[in-house]
Amino acid sequence: MPDQTASCGKGKQGKRMTKKDTIKIPGVENDLRVESRILEERIQKAVTDGFRQIEVTAYGQHGIGGRLWRAGDEKIKVDVLGTSGQRLGSMGFANTVIEVFGPASDDIGWLNAGAEIIVHGNATNGAANAMAQGKIYIDGDIGARGMTMTKHNPRFEPPELWVMGKAGDSFAEFMAGGIAVVCGMGAEQEKNVLGYRPCVGMVGGKIFFRGSQGLYSQADARLIDPLPEDEWRWLQEGLRRFLQAIGKAYLCDQLCEKREDWKMLAARKPSEKLPKQARPMARFRAEIWNGELGTGGLIGDLSNLDRSPIGLTPTGDLRRFVPTWANDKYLPPCQAACPTGIPVQKRWALIREGKLDEAVDLALQYTPFPATVCGYLCPNLCMQSCTRNLVNLDPVDVRVLGKASREAKAPHRAPETGKKIAVVGAGPAGLSVAWQLWLSGHEVTLVEGRKQLGGKITDSIPKSRIPTDVVEHEIARLAENIRRTQLGKSLTRETFARLKKDHDYVVIAAGAQSPRKLNIPGMDKTVTALEFLRQSKLDCAKVGENVVIIGAGNVGCDAATEAFRLGAKSATLIDVQKPASFGVERQHAEAAGAVFLWPRFTKAVTDSGVELTTGEILPADTVIVAVGDVPDLSFLPEDIATERGFVLVDDTYATSDSQIYAIGDAVRPGLLTDAIGAGRVAAKAIDNLIRGVDQTYDRLPPISYERVKLQYFDPRAPMPGDPASCATSCASCGACRDCGLCEELCPAQAISRSQTPEEKFAYVVDADRCIGCGFCAGACPTGVWEIAENSPLE
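A. Representation of the overall build of the protein within the structure. The number of helices and strands found in the protein is 21 helices and 35 strands. With respect to the three principal axes, the spread of C-alpha positions in the protein is 105 × 75 × 55 Å. Expressed as a percentage of its 794 residues, the buried residues of the protein come to 48%. Averaged over its 95 positive side-chain charges, the protein has a centre that lies 1 Å from the centre of its 98 negative ones.

Rendered as structure tokens:
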């Protein structure tokens, strides 16, 4: 079967292809050259979409074909037509073959890590520069500084550069490993097929060449002529592969016939290095330093500053910079981004110590819903803020730990205080504040107008988002401990007044249970999203074939997903602005087939569907309104300050009445984790007042991303799915992993590890040894070392 062919350009998206498909990616679009960055993004996307045969028409773009790691072990072939720019195949991976049908520009195969690169033409300067693995085949000449600074890891095959013609000057400069073969075709009359002064600074590797080479660094390389038998056999076999790759197998007999045509340069071993006369520092200063910078030198007539040697490296108070081991002095980005304040990083640290149960149980100190929310319903702001995202590493998947928290054990409860607190509303916010107050030893009474605990978690979030047994398990855990509940009772101002009188504090967590209405004709023909989702969860809802949802937020997306589940053939979400929906809700709706239209303004709802202000009618059998909900605060006394239908509160969620607090959607719309976090803050504020203390938490500043070093992680490694492996992948931002790297690399040996009480540790700095170089801060993987200017001497 012939390969299918797709085209990749701006605004075009093809179907997901098989490995046999070919995609053509042009380097020009609308008569304009595509930027190198954009072209690389399109190549990377093609690989992600499943393409393994890619044809690129280049117009000087850089870096084509490099870093194609997303295919894993699957082979990728990249054909390059036109004119490629610099660094073609740079950082290429072992699964990649790049074939260039024409010449190549500078630095082809720069930092190559395994790719095979074939060039049907000449290559300019820097071919195979700093190459570590892979093969580069050049059907022509190369420019200056080819095969420079290459290296060879003995665990892998050495890097190879094969050149049909001759090489330019400074070939194999500082070569530390690998193999180069220069055939010298067309250069038979040249005196130096390797150019001027090859092998300077060469410390490893070898070079096969055919022809003459009179000049080379004899201090760094030695000539081997004739070739040993094993080297000749290897060369013959390699020449056959090279000629086959460039389509010139017919030259095999000519190049492989005579061993005497070939010679080899090999790096001298340290014991073979030619001796050099050492220049004393005093002589260097007199002859070189002062000659350049002293009298008669470059700046000698401009400055008479003392440039004599400094007699000491300053330590102690004379240091310009002072390092500090700032362990746990900053919040990691994951915890700083979590509205609930869950110490995600600390839980991963416990798992690394083998304390999985303790890590699981820790979550219940912060939320009564570690599995329901962290494992399933939360958009995981912690993962969005994970430092690993900065370099396109997968964030550590906290959902793995969340789902493992289903069986978490409740922490020990503080001794009873005898204080009574009523919580109005048993949704996420109400249950959160009730849980925290119960843990603090207070007597909590839950007052809920509906007949079950859980609020929107239990009565309107679709079953497709979370297993029912997980929710039921965590609700049961709450009910077992907080036994004073009044379900199915609506409050009035009179009953609320009695509630306030009978309790020391009251927390309003009534949520937003009243859907907003649209002031348009035909609203009686609609159903609100909240009511629809409640009925859907009870399997009582019915929809027609065509559904229109007014409002394209996350609730609207849930409604669309459920509409498809109930049999709808189409679901269209409209909004007056770009939809604010995101995360799993948006993904589920789009996967089900929902269509999003904006900006669209509704004029009326008719028997035919939704009429827009433009006169267009969107056909609909069912119309769902999802434009938000507001709280019902009719039970509140008039002296409680409100604004635009929501309760006004301070930073601790206290209202204008010091006995009453308000949290959750009664204060402002937000995420489930926002409501849970607000409950935790309010509970702490109330507990502080009861105990007469002023304790704070989570008020440390977040650590700067730049302090954390991610170079220690393999970008090719996918995020594993088990807690132990996830814990290893955590960068431990701002928390020492006790790796000892700082102690090991300190040039002054000024850092030492000391044991502290409770089996803990600390790294301390000896000021009399420390020179303030900053190596500790520069290399620390977790960013716990900070370097600051020393205080000036008086």
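Now that the structure has been shown, we can carry on.
B. Structural detail: unusual backbone geometry. At the junction of D225 and P226, the peptide bond is cis and its omega measures out at 10° in the coordinates. Tracing the backbone shows P226 in the loop between strand 13 (221-224) and helix 2 (229-245). Here the amide bond leading from W598 into P599 is cis, since omega sits at -15°, within 30 degrees of zero. The phi dihedral of R87 falls on the positive side, at around 55°, and the residue is not glycine.

C. How the structure looks around the pattern of salt bridges. One pass over the structure, following the stated rule, counts 41 salt bridges. The closest approach of N and O atoms between K77 and D79, which form a salt bridge, is 2.7 Å. Take D79: its relative accessible area is 12%, and that puts it in the buried class. Among the ionic pairs, E416 bridges to R413, the shortest N-O distance being 3.6 Å. A residue is classified by how much of its surface remains accessible, and R413, at 29% relative accessible area, is partly exposed. Within this structure, K463, D539, E562 and R565 form a network of salt bridges that share partners.

D. Focus on the pairing of strand 16 (residues 420-424). Most of strand 16 sits out of view: four of its five residues are buried. Pairing of strand 16 with strand 17 (residues 443-448), which is carried by five bridges, proceeds in the parallel orientation. What sits directly across from V423, in strand 17, is L446. In terms of handedness, the path from strand 16 via helix 11 (residues 428-439) over to strand 17 forms a crossover that is right-handed. The pairing of strand 16 with strand 19 (residues 505-508) spans four bridges and is parallel. For I421, the partnering residue across the bridge sits in strand 19 and is Y505.

E. Fine view of the layout of surface pockets. Taken as a whole, the second largest pocket holds about 1,100 Å³ of empty space. What lines the second largest pocket is a set of 33 residues, and nearest its centre among them are D328, K346, A349, E353 and A735. Within the residue set of the lining of the second largest pocket, elements represented by two or more residues are helix 6 (344-352), helix 7 (356-362) and strand 34 (760-765). Per-element tally for the lining of the second largest pocket: the top contributor is helix 6, with five residues. Counted by class, the lining of the second largest pocket contains 15 nonpolar, six polar and twelve charged residues.

F. Geometry of the packing of helix 15 (residues 529-537) against helix 16 (residues 554-565). One can describe the packing of helix 15 onto helix 16 by two numbers: an axis separation of 10 Å at closest approach and a directional angle of 40°. Between helix 15 and helix 16, the angle is such that the two are oblique. In this structure, the crossing between helix 15 and helix 16 has a hand that is left-handed. Packed against helix 15, whose contacting residues are A529, F532, L533 and S536, the element helix 16 presents V555, D558, A559, E562, A563 and R565 at the interface. A per-class count over the contact of helix 15 with helix 16 returns six nonpolar, one polar and three charged.

G. Spatial organisation of the packing of aromatic side chains. The full count for this structure, using the stated rule, is ten aromatic pairs. Taking NZ or CZ as reference, R388 lies 5.1 Å from the ring centre of F713, over its face. Taking the ring centre of F596 as reference, the NZ or CZ of R586 above it sits at 4.0 Å.

H. Quick look at the nonpolar core. Counting 67 residues, the largest nonpolar core has W348, Y661 and I663 as the members making the most contacts within it. Formed by 52 residues, the second largest nonpolar core is a distinct cluster that contains F51, M131, A187 and I207.

I. Region of interest: the sheet that holds strand 23 (residues 570-574). Read from one edge of the open sheet, five strands run 21-28-22-23-24, paired in parallel fashion. Looking at which strands have only one partner, the edges of the open sheet turn out to be strand 21 (526-528) and strand 24 (595-597). Put simply, the sheet's adjacent strands are angled 25° from each other on average, direction ignored. Docked against the sheet, helix 15 engages strand 21 and strand 28 (622-625), running at close to 75° with respect to strand 21. Against the sheet, helix 16 touches strand 22 (546-550), strand 23, strand 24 and strand 28, its axis set at about 170° to strand 23.

J. Seen up close, the side chain of R465. Mapped onto the secondary structure, R465 falls in the loop between helix 12 (456-459) and helix 13 (468-481). A distance of 3.2 Å separates the side chain of R465 from the side chain of E585, its partner in a polar contact. Not counting the four nearest positions on each side in its chain, R465 is found in contact with Y376, L377, D558, V584, E585 and H588.

Basis of the calculations
- Residue positions within a chain follow its written sequence, with the count starting from 1.
- Residues qualify for local features only when their pLDDT is at least 70, as the model is predicted, and side-chain atom pairs are given and counted only at 80 or more; totals for whole chains, interfaces and linings, by contrast, use all residues.
- Here the side-chain values reflect all heavy atoms present in the structure, with hydrogen atoms and water set aside.
- A run of H or I in DSSP counts as a helix once it spans at least four residues, and a run of E counts as a strand once it spans at least two, with each numbered from the N terminus.
- Any residue under 20% of the maximum accessible area for its type is buried, any over 50% is exposed, and the rest in between are partly exposed; the area is computed with a 1.4 Å probe on protein chains only.
- For the purpose of counting charges, residues Lys and Arg are taken to be positive, whereas Asp and Glu are taken to be negative. His and the chain ends are not included.
- Charge placement uses NZ in Lys and CZ in Arg. For Asp and Glu, CG and CD serve respectively.
- For salt bridges, the criterion is a side-chain nitrogen of Lys or Arg within 4 Å of an Asp or Glu carboxyl oxygen.
- If DSSP finds at least two bridges between two strands, the strands pair.
- Crossover handedness is defined here as right-handed if the route from the first strand over the helix to the second strand goes clockwise, with the strands pointing away from the viewer.
- Cavities and pockets are defined on a 1 Å grid built over the protein atoms alone: a cavity is a set of grid points where a 1.4 Å probe fits but cannot escape, while a pocket is an open set with protein on both sides within 12 Å along at least five of seven lines, and lining residues are those with an atom within 4 Å of any such point.
- Grid points are joined across faces, edges and corners, and a volume is the space filled by probe spheres set on the points.
- Residues are grouped as follows: Ala, Val, Leu, Ile, Met, Phe, Trp, Tyr, Cys and Pro are nonpolar; Asp, Glu, Lys and Arg are charged; every other residue, Gly included, is polar.
- Structural elements are reduced to axes, namely lines fitted to C-alpha atoms, with helices fitted over the stretch in contact, and the angle between N-to-C directions of any two is expressed from 0 to 180 degrees.
- Convention used here: angles under 35 degrees read as roughly parallel, angles over 145 as roughly antiparallel, angles from 65 to 115 as roughly perpendicular, and any remaining angle as oblique.
- Less than a right angle of anticlockwise turn of the near helix away from the far helix marks a crossing as left-handed, whereas a clockwise turn marks it as right-handed.
- Only heavy atoms enter the contact rule, under which two residues are in contact if any of them lie within 4.5 Å.
- Ring geometry is summarised as follows: Phe, Tyr and Trp rings, the Trp one being its six-membered ring, pair when their centres sit within 6.5 Å, and such pairs are stacked at plane angles under 30 degrees, edge-to-face over 60 and tilted between the two.
- Two conditions define a charge located above a ring, namely a distance within 6 Å from the ring centre to NZ of Lys or CZ of Arg, and an angle within 35 degrees of the ring normal.
- For our purposes a nonpolar core is just a set of buried Ala, Val, Leu, Ile, Met, Phe, Trp, Tyr and Cys residues, chained together by side-chain atoms within 4.5 Å.
- Here a polar contact is taken to be a pair of N or O atoms separated by no more than 3.5 Å, where protein atoms must pair a possible hydrogen donor with a possible acceptor and residues adjacent in sequence count only if both atoms sit in side chains.

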